[in-house]
Amino acid sequence: MNAVLKPRLTYRPMRLEDIDAIMAIEKTIYPFPWTTGNFVDSLASGYSAWVCLEGGVMAGYAVMMQAIDEAQLLNISIAAERQRAGLGSELLEYLFATAKASGAVRMLLEVRPSNVAGCALYRRCGFKEIGRRRGYYPAHGGREDAIVMERAL
Ligand SMILES: CC(C)(COP(=O)(O)OP(=O)(O)OC[C@H]1O[C@@H](n2cnc3c(N)ncnc32)[C@H](O)[C@@H]1OP(=O)(O)O)[C@@H](O)C(=O)NCCC(=O)NCCS
């Protein structure tokens, strides 16, 4: 069990200069990674985008889009070598607090059913499945559904 008793991460807003380091992580942890352009566009759109650091080193990052009282989690990532040590949960808790402080009352996200780690993290952190989008994601050899999940903040 990896219960986080003491925060280990520090946070700062994502900057354009972070994107090369982010892409180095992104390409190693997703079968279909975001592109540099996706991160550039997220920053240009003013999305809530964060980098988290452990011991001064980038451990992960996240991007959220907020519309009035609803936050949509678009990307949450922990570097491969730091996974399964409680950092994803800690980052998610930070995003809950940040979204809530900006007036969000619920958080929504989409996840691939094949993403065992993502699905398990979200369920453990209180998300519930509220629907499916058929064939939403590109997948090797076809398309894959998205599970839509929601959590009250
Ligand atoms: C999903 C992700 C952010 C989780 O980060 P993490 O730091 O490894 O998560 P934690 O250590 O906080 O794990 C919390 C819980 O999630 C579940 N979990 C995490 N990784 C898991 C895995 N590989 N297999 C099964 N369950 C897993 C477990 O329940 C875990 O609790 P436990 O370790 O006490 O059993 C990370 O695996 C990641 O960056 N994956 C690639 C990017 C991604 O898929 N992001 C989500 C897109 S929707």
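Anything mentioned here points back to the structure above.
This text gives an overview of the structure that appears in the document. Quick caveat: nothing in here was measured; it's all calculated off a predicted structure.

A short note on the overall build of the protein
Inference 1: A tally of regular secondary structure across the protein gives 4 helices and 7 strands.
Inference 2: Secondary structure elements of the protein, listed N to C terminal, follow the sequence β-α-α-β-β-β-α-β-α-β-β.
Inference 3: Relative to its length of 153 residues, the protein is compact, with a C-alpha radius of gyration of 15 Å against a globular reference of 15 Å.
Inference 4: Projected onto the principal axes, the alpha-carbon positions of the protein cover approximately 40 × 35 × 30 Å.

Some words on the site of the ligand
Inference 1: Close to the ligand lie 23 residues; Arg84, Gly88, Ser89, Asn115 and Arg124 are nearest.
Inference 2: One nitrogen or oxygen atom from the main chain of isoleucine 76 is found 2.8 Å from a nitrogen atom belonging to the ligand.
Inference 3: In the environment of the ligand, an oxygen atom lies 2.8 Å from a nitrogen or oxygen atom belonging to the backbone of isoleucine 78.
Inference 4: Assessed atom by atom at 2 Å from the grid points, the ligand resides in the largest pocket.
Inference 5: Mapped by element, the contributors of at least two residues to the shell around the ligand are strand S4 (70-78), helix H3 (87-101) and helix H4 (116-124).
Inference 6: Considering every element that reaches the shell around the ligand, the biggest residue donor is H4, with 7 residues.
Inference 7: Of the residues belonging to the shell around the ligand, the class tally is 13 nonpolar, 8 polar and 2 charged.

Brief notes about the state of the cysteines
Two cysteines, two sulfur atoms, one covalent bond between them: this is a disulfide.
Inference 1: As enumerated under the stated definition, the model contains 0 disulfides in all.
Inference 2: Left unpaired, cysteine 119 is separated from the closest cysteine sulfur, that of cysteine 125, by 13 Å.
Inference 3: Overall, cysteine 125 belongs to the buried group, its relative accessible area being 9%.

Quick word on the layout of surface pockets
Inference 1: Computed from the structure, the largest pocket encloses a volume of approximately 1,300 Å³.
Inference 2: Along the wall of the largest pocket there are 39 residues; nearest its centre are Tyr30, Ile76, Asn115, Gly118 and Tyr122.
Inference 3: Counting only elements with at least two residues in the lining of the largest pocket, the list comes to helix H1 (19-29), S4, H3, strand S5 (106-111), H4 and strand S6 (128-139).
Inference 4: Looking at the lining of the largest pocket residue by residue, the class counts come to 22 nonpolar, 12 polar and 5 charged.

Remarks on the pairing of S5
Inference 1: Of all the 6 residues making up S5, 5 are buried; the element is thus mostly covered by neighbouring parts of the structure.
Inference 2: In this sheet, S5 lies alongside S4 in parallel orientation, the contact comprising 4 bridges. Paired with glutamine 72 across the bridge in S5 is leucine 108.
Inference 3: For the crossover from S4 across H3 to S5, the handedness is right-handed.
Inference 4: Examined bridge by bridge, S5 and strand S7 (residues 142-152) share 6 bridges and lie antiparallel to one another. Following the sheet pairing, valine 111 is matched in S7 by isoleucine 147.

Observations concerning the sheet that holds S5
Inference 1: Taken in spatial order, the 7 strands of this open sheet run S1-S2-S3-S4-S5-S7-S6, and their pairing is mixed. What marks the edges here is a single partner per strand, and that holds for strand S1 (9-13) and S6. Mean inter-strand twist for the sheet, computed between neighbouring axes without regard to direction, equals 30°.
Inference 2: Taken together, the 8 bridges between S6 and S7 define a ladder with antiparallel strand orientation.

Describing the pairing of S4
Inference 1: In terms of residue burial, S4 counts as a mostly covered element, since 7 of its 9 residues are buried.
Inference 2: The sheet contact formed by strand S3 (residues 57-67) and S4 spans 8 bridges and is antiparallel. Across the sheet, residue methionine 64 finds its bridge partner in S4, namely leucine 73.
Inference 3: Connecting the antiparallel pair S3 and S4 is a turn made up of 2 residues, with isoleucine 68 showing a positive phi of about 55°.

About the criteria used
- Residues numbered from 1 in each chain as written.
- Predicted model: local features only at pLDDT ≥ 70, side-chain atom pairs only at ≥ 80, totals over all residues.
- Heavy atoms only, no water.
- Helix = DSSP H or I, 4+ residues; strand = E, 2+ residues; numbered from the N terminus.
- Rg over C-alpha atoms; globule rule 2.2 N^0.38 Å.
- Near = heavy atom within 4 Å.
- Polar contact = N/O pair within 3.5 Å; in protein donor to acceptor, adjacent residues only side chain to side chain.
- 1 Å grid on protein atoms, 1.4 Å probe; cavity = no way out; pocket = protein on both sides within 12 Å on 5 of 7 lines; lining within 4 Å.
- Sits in = over half its atoms within 2 Å of the grid points.
- Nonpolar A, V, L, I, M, F, W, Y, C, P; charged D, E, K, R; others polar.
- Disulfide = S-S within 2.5 Å.
- Buried < 20%, exposed > 50% of the residue type's maximum accessible area, 1.4 Å probe, protein only.
- Points joined across faces, edges and corners; volume = space filled by probe spheres on them.
- Pairing = 2+ DSSP bridges.
- Right-handed = clockwise from strand over helix to strand, strands pointing away.
- Axes fitted to C-alpha atoms, helices over the stretch in contact; angles between N-to-C directions.

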